[in-house]
Amino acid sequence: MTVLGIESSCDETAAAVVRDGSQVLSSVIYSQVPLHQPYGGVVPEIASRSHIEKIRAIISQALKEAFPDAANPLDEVDAIAATCGPGLAASLLVGWSAAKGLALATGKPLIPVNHMHAHLWSVQLDQPTVSVDALYPQLGLAVSGGHTCFVEASAPNAYHLMGQTIDDAAGEAFDKAAKLLGLGYPGGPVIDRVARTVPQELRRSIAFPQGKVAADHPLPEGLRAELCVSFSGLKTALLTYVRKNPPQSEAEVARICAAYQEAIVDAVAKRADVALRTGQYKSFAVGGGVSLNGRLREALQAVAKRHHVPLLLAHARYCGDNAAMIAGLASVGGGLVAEDPLTWDIDPSLPV
Ligand code: KG4
Ligand code: ZN
């Protein structure tokens, strides 16, 4: 099955064509990062307007790149998929409406996709096809600017949420720290880069909290406290530290970044360890922008190895928001089951 996918949940306008789950025929991403950079975070109104301006050209480009010789490339796809949540309402609306319009005009099936499920599918893109039997049950970790969650998947369309952040997402924790330290936006890549300059023995020289969630903390049903995490205390600890010890040099800023990053990495890796120890999984998939983090990759690799479970990571080009993950998941039946998707609306807080 060949699917055109559309993604516009946050600050990337993206379209892609994917065949049979993993074969990416095209993947076009327009990143709005420079538009939001002056504000140190995503401004929803700017994001939505930019999606509207770009979406048609991005979809056309993805279709043309996938089928350069076709007179009408849209004829070549079997279905149209788009993110319907979670994300920013006014951003989601642009991609979802574009997909609805194309489906109405062509009579092709419309497939709604959960953005977080798609992040977990991103590990299959441009990889040799594997049988679904070899992947599931799967432990999934989605770490992005908006989410940090551990899920158990029994199939590409069956997910159970086991743990999540109770406040800030991991990417948000990186972004807020970078803003506080005057390092710009987005914060994850710059903290990752700056922290690399710090010698190993200095990387844990400041003890930051690791976001433990108390066993009796009230949580939605089905969530396990040991797999949940809180990053807001970490941010406060950083603020307190910097007020007491204003960094006097670049090396000092780097040492703070390294210790802060270690705290996030340790928090996530410890929970991965618990999840792998207490469950039976054939694979461990990690997706989302924060999965680009070098130290996180190292730490998760070590945990997965200890439990003899293969760690699946996405190619760097599919870690951040992209439409190939939307099209890929939809092409293997991982879209949301919908009787009449043309009547569906977006859901900014769509649960995992
Ligand atoms: O998945 P994504 O592109 O968008 C969301 O759905 O949120 O993730 C963006 C997040 C940002 O918070 C960014 O700072 C973080 O991913 N990020 C990183 C790295 N690269 C991007 N965090 C840590 N280390 C990185 N190398
Ligand atoms: Zn995302």
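The preceding data block contains the structure.
Before going into details, it helps to say that this report is about the structure given with it. (Residues numbered from 1 in each chain as written. Chains lettered and ligands numbered in written order. Predicted model: local features only at pLDDT ≥ 70, side-chain atom pairs only at ≥ 80, totals over all residues. Heavy atoms only, no water.)

## Focus: the overall build of the chain
Inference 1: Assigned secondary structure in the chain consists of eleven helices and ten strands.
Inference 2: For 352 residues, the compact-globule formula gives about 20 Å, and the C-alpha radius of gyration of the chain, at 20 Å, lands near that figure.
Inference 3: For the chain, the spread of C-alpha atoms along the three principal axes comes to 65 × 45 × 35 Å.
Inference 4: Counting the 352 residues in the chain, one finds 54% classified as buried. (Helix = DSSP H or I, 4+ residues; strand = E, 2+ residues; numbered from the N terminus. Rg over C-alpha atoms; globule rule 2.2 N^0.38 Å. Buried < 20%, exposed > 50% of the residue type's maximum accessible area, 1.4 Å probe, protein only.)

## Remarks on the packing of helix α9 (residues 250–278) against helix α10 (residues 294–306)
Inference 1: Where α9 meets α10, the axes come as close as 9 Å, and the angle between the chain directions of the two elements is 20°. Regarding the angle of α9 to α10, the classification is roughly parallel. In the crossing of α9 with α10, the sense of the turn from one axis to the other is right-handed. Side by side, α9 and α10 meet where Gln261, Glu262, Val265, Val268, Ala269, Ala272, Asp273 and Leu276 of the first sit next to Arg295, Leu296, Ala299, Leu300, Val303, Ala304 and Arg306 of the second.
Inference 2: For the contact of α9 with α10, the per-class residue count stands at ten nonpolar, one polar and four charged. (Axes fitted to C-alpha atoms, helices over the stretch in contact; angles between N-to-C directions. Parallel < 35°, antiparallel > 145°, perpendicular 65-115°, else oblique. Left-handed = near helix turned anticlockwise from the far one by under 90°. Contact = heavy atoms within 4.5 Å. Nonpolar A, V, L, I, M, F, W, Y, C, P; charged D, E, K, R; others polar.)

## Side note on the site of ligand 1
Inference 1: Lining the immediate surroundings of ligand 1 are 20 residues, of which Gly145, Asp175, Gly188, Asp192 and Gly289 lie closest.
Inference 2: Gly171 is positioned with one of its backbone polar atoms (N or O) 3.2 Å from an oxygen atom of ligand 1.
Inference 3: In this structure, Asp175 approaches ligand 1 through a side-chain N or O atom, which is 2.7 Å from an oxygen atom.
Inference 4: Look at ligand 1: alone it shows 560 Å² of surface, and the protein chains cover 87% of it.
Inference 5: Counting only elements with at least two residues in the shell around ligand 1, the list comes to α4 (115–121), α6 (170–180) and α7 (187–195).
Inference 6: Looking at which element gives the most residues to the shell around ligand 1, the answer is α7, with four residues. (Near = heavy atom within 4 Å. Polar contact = N/O pair within 3.5 Å; in protein donor to acceptor, adjacent residues only side chain to side chain. Areas by Shrake-Rupley, 256 points an atom, 1.4 Å probe, with all protein chains shown as cover.)

## Some remarks on the coordination of the zinc ion (ligand 2)
Inference 1: At 2.0 to 2.1 Å from the zinc ion (ligand 2) lie its protein donor atoms, namely His115 (NE2), His119 (NE2) and Asp321 (OD).
Inference 2: One way to put it: the four donor atoms around the zinc ion (ligand 2) meet at angles of 94 to 143°, and that makes the site irregular.
Inference 3: Positions of the donor residues of the zinc ion (ligand 2), expressed as sequence spacing, correspond to H-x3-H-x201-D. In this pair, His115 is assigned in helix α4 and Asp321 in the loop between β10 (311–313) and α11 (324–331), connecting sequence segments 206 residues apart. (Donors = N, O, S within 2.8 Å, 3.2 Å for Na, K, Ca; no water. Tetrahedral: all angles 85-135°; square planar, octahedral: opposite > 155°, others 65-115°.)

## A word on helix α2 (residues 44–66)
Inference 1: Taking 1.5 Å per residue, 23 residues should reach 33 Å; α2 reaches 31 Å between its end C-alpha atoms and fits that length.
Inference 2: For α2, the principal kink sits at Lys54 and spans about 45°.
Inference 3: Residues of α2 that are buried: Ala47, Ser48, Ser50, His51, Ile55, Ile58, Ile59, Ala62, Leu63 and Ala66.
Inference 4: Packed against the buried residues of α2 are β1 (2–7), β2 (12–19), β3 (23–31), α1 (33–36) and α3 (89–106). (Expected span 1.5 Å × (residues − 1). Bend = angle between axes of the 7 residues up to and from the residue.)

## Let's talk about unusual backbone geometry
Inference 1: Omega for the peptide link from Gly85 to Pro86 comes to -10°, which places this bond in the cis form.
Inference 2: Its location among the elements puts Pro86 in the loop between β4 (79–85) and α3.
Inference 3: Following Tyr136, the chain continues into Pro137 via a peptide bond in cis, with omega recorded as 0°.
Inference 4: The topology assignment puts Pro137 in the loop between α5 (132–135) and β6 (138–143).
Inference 5: Unlike most non-glycine residues, Asp126 shows phi in positive territory, near 55°.
Inference 6: On the secondary structure map, Asp126 appears in the loop between α4 and α5.

## A few points about the side chain of His115
Inference 1: Taking relative accessible area as the criterion, His115 reaches 5% and is therefore assigned buried.
Inference 2: Looking at His115, its side chain comes within polar contact range of the side chain of Ser9, at 3.3 Å.
Inference 3: Those residues within four positions of His115 in sequence are excluded, and the remaining contacts are Glu7, Ser9, Thr83, Gly85, Pro86, Asp321 and Met325.

## As for the pattern of salt bridges
Inference 1: Here the structure, examined in full by the defined rule, presents 13 salt bridges.
Inference 2: Between Arg204 and Asp266 there is a salt bridge, and its shortest N-O distance comes to 2.5 Å. Taken together, the positions of Arg204 in the loop between α7 and α8 (232–244) and Asp266 in helix α9 put the pair 62 residues apart, joining distant regions of the chain.
Inference 3: Residue classification places Asp266 among the buried residues on the basis of a relative accessible area of 14%.
Inference 4: Here Glu252 makes a salt bridge to Arg255, at a shortest N to O gap of 2.9 Å. With a gap of three residues between them, Glu252 and Arg255 both fall in helix α9, about one helical turn apart.
Inference 5: Each of Arg204, Glu262, Asp266, Arg295 and Glu298 takes part in one network of salt bridges that share partners. (Salt bridge = Lys/Arg side-chain N within 4 Å of Asp/Glu carboxyl O.)

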